[in-house]
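# Structural overview
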Amino acid sequence: MSTEKLSQILKEAVSSNRTSLTNQKTAAKISTILIKSGIKPFKTNPSLLSNLDSNVTSLVLSNPNLPLHSCTLFFNFLKTNLSLTSQKPSLKTHITIILRLYKAGKFKEIKEVLKFIIFDDNLRYPVEEMISLVGFECNDSNFLEKFCDLYFRVCVDNKMFEEANGVFGYMEKMGFKIDERSCIMYLIALKKCDKGDSILGVFRRMVESGVEVSVYSMTIAIDGLCNRGEVEKGRELMNEMVNKGVKANVITYNTILNAYIKRKDFGVVTEVLRLMEKENVEYNAATYTILIEYLGIVGKHEDVEKLFDEMRERRVEMDVHLYTSMISWHCRRGNIKRAVSLFDDLTEKGLVPNAHVYGALIDGLCKTDQMEAAQMMVNDMQSQGIDVNQVVFNTLLHGYCRKGMMDDALSLLAAMEKKGLQPDVFTYNTIASGMSKLKRHEDAKRWLFMMVEKGVTPNAVNFTTLIDIHCKEGNFVEAKRLFQQMETRGERPDTITHNALIDGYTKKGKLKDAYKLRDEMEAKGRIPDVYTYTSLVHGECIFGKVDEAMRLFNEMHQRGLVPNVVTYTAIISGLSKEGRSDEAFRLYNEMINVGHMPDQRVYSSLVGSLHTVRGQ
DNA sequence: ATAGGGTTAG
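This report concerns the structure included in the present document. (Residues numbered from 1 in each chain as written. Chains lettered and ligands numbered in written order. Predicted model: local features only at pLDDT ≥ 70, side-chain atom pairs only at ≥ 80, totals over all residues.)

### Overview of the protein's contact with DNA strand B
As a reminder of what qualifies: Nearness here is judged by the C-beta atom: place it from the backbone, and if it falls within 6 Å of a molecule or strand, the residue counts as near that partner. Amino acid classes used here: Ala, Val, Leu, Ile, Met, Phe, Trp, Tyr, Cys and Pro are nonpolar; Asp, Glu, Lys and Arg are charged; the rest, including Gly, are polar.
As a structural note, the neighbourhood of DNA strand B is formed by 59 residues, with Thr219, Ala285, Ala286, His356 and Gly359 the closest of them. The residue makeup of the surface near DNA strand B, split by class, is 24 nonpolar, 25 polar and 10 charged.

### Considering unusual backbone geometry
It is generally the case that most residues other than glycine have a negative phi and that most peptide bonds are trans. Counted only if it meets this: Secondary structure elements are taken from DSSP: a helix is a run of H or I of four residues or more, a strand is a run of E of two residues or more, and numbering for both begins at the N terminus. We call a residue exposed when 12 or fewer other C-beta atoms sit within 10 Å of its C-beta, buried when the count reaches 20 or more, and partly exposed for counts in between; the C-beta positions come from the backbone.
The phi torsion at Lys264 lies on the positive side, around 60°, for a residue other than glycine. For Lys264, the location among the structural elements is in the loop between helix H15 (250–262) and helix H16 (267–278). Here Lys264 falls in the exposed class, since 10 other C-beta atoms lie within 10 Å of it. Positive phi values are uncommon outside glycine, yet Arg315 reaches one of about 55°. Within the secondary structure, Arg315 sits in the loop between helix H18 (302–313) and helix H19 (320–332). Its 7 C-beta neighbours within 10 Å are what place Arg315 among the exposed residues.

### Brief notes about helix H21 (residues 355–367)
We apply this condition: A helix's residues, less one, multiplied by 1.5 Å, set its expected span. Two residues form a contact once the distance between their C-beta atoms, set from the backbone, is within 7 Å.
Helix length check: H21, at 13 residues, gives a terminal C-alpha distance of 18 Å against a target of 18 Å (1.5 Å per residue), a fit within 8%. Counted residue by residue, H21 has 10 buried out of 13 residues, so it is predominantly covered. Listing the buried residues of H21 in full gives Val357, Tyr358, Gly359, Ala360, Leu361, Ile362, Asp363, Gly364, Leu365 and Cys366. On its buried face, H21 sits against H19, helix H20 (336–348), helix H22 (371–383) and helix H23 (390–402). Residue Asp369 follows H21 closely and has a positive phi angle near 60°.

Structural data, given as structure tokens:
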């Protein structure tokens, strides 16, 4: 079928190339007018074009005496004044103008024409036919090669990957040189469209077809593998490419390093760093950013500032990304002072703060109960001409909600909507959980329902919040129903979802249900965390089974879970209630030693323990 | 042209 169609186009092309004398005369007449007085005569007197057809148009457009700008003016005039001519400019006309643009080196303009062609139902043809036709109009192979490259790029830019493959295949077949930069655009587009799975295949095809691949495309291919969790394959590819003369650079290593860290494969981190050293690949700001995150995860807190100093010593150029992760790291550790000083440092260095840095610092201020300061930063940000975006609004909103300042939260929401920003899953969840914390369960649910009514699709977090509310109300039937509904909706309950239910069960004395769910989650591969255990410890303590609680507490250590302040508080008060004051004090000391600040509850428990007779 | 940063639930 395809060849039939092709032969028809070619037949038409051949016949139209046998131009008649009258056509030539008409074309010459039009050209003369265009050269002398431009496009105006045709606007005022459209009848000048009464004998115009596709062949005449092509003759006009390929007239070398007609300057290019007159050609494009005429071409655009015909396209925007369809009623003047019997038919829309044909594919042939488009190809003629492409050829003229090519001779003038106007590649950007060619891409625009091509884009128009591939989106027009009447002009679009299958890849092979399209190129054949172009080849027929002009068989200069340099032109055809460049045309294919541009065609390929336009397909890529417009996410028409099948067509892109077609053009690529044609170029392979013809032995054309395929530009790596065009292929990179292809790889990037695949990544952006969540088609990362195809990246490796395209890269391999590039190598096979003799595209001169560089570290750029290799890194993108490795990144594609890393994003699929196949870091090892990425490293294999890296080793394989060395033989082909492509060496990894700092970005390649950063990609691999980051993938290992995201996968919590910490053992390999030092190995990769050693490899970088061996290969004389110097760290850059991104490497440090990745390493800071790593140190935060593995808890090597004292090394973060050391790393920062090392950067300074090595004179590695700092950038806003690096500062953002430093600031956010200090904020998470509660060291808002250092975060603020880093922010000053950044501006002093002449770096321009962006919404991300502001966002990090504003969040830090919100979490240390400095809403006025946070608001000031927002104002500062605005005065710097940076738009307060959805994230910053949500951050501030969360600041108000966590303090129970719901009126401020709601007026902020109004301000946000006034700016044309639609509340999203974060916004609704933050308000609902704020309401829930104040035990305004009905309000909390209403906000989540409102979200659905507004057409915002709830995610796993929203479901978890709602489940948590029902658990707090003791409505386990509804909580369970939502739990199941989540799964059917494709939002898999995670550890936190399970924790919400487990916590609900333990607080209502349903320890059996709690343990059952804990086992179920483990069976599903969801690993219980500190919160899971804390709920269970707390539950056992409430009902006087302190030995059980201690057993769980020790089990935590075995599983590498670090008890937090809530866990300690629960177990200390459990022991205290039973009068086991020695054990309670021992854990109190342990808690202080690991750096947790005890609150009033711990003290009153401990004091109470001294007045309680053991075993009563 | 390839890498790294800010927000939500217990």
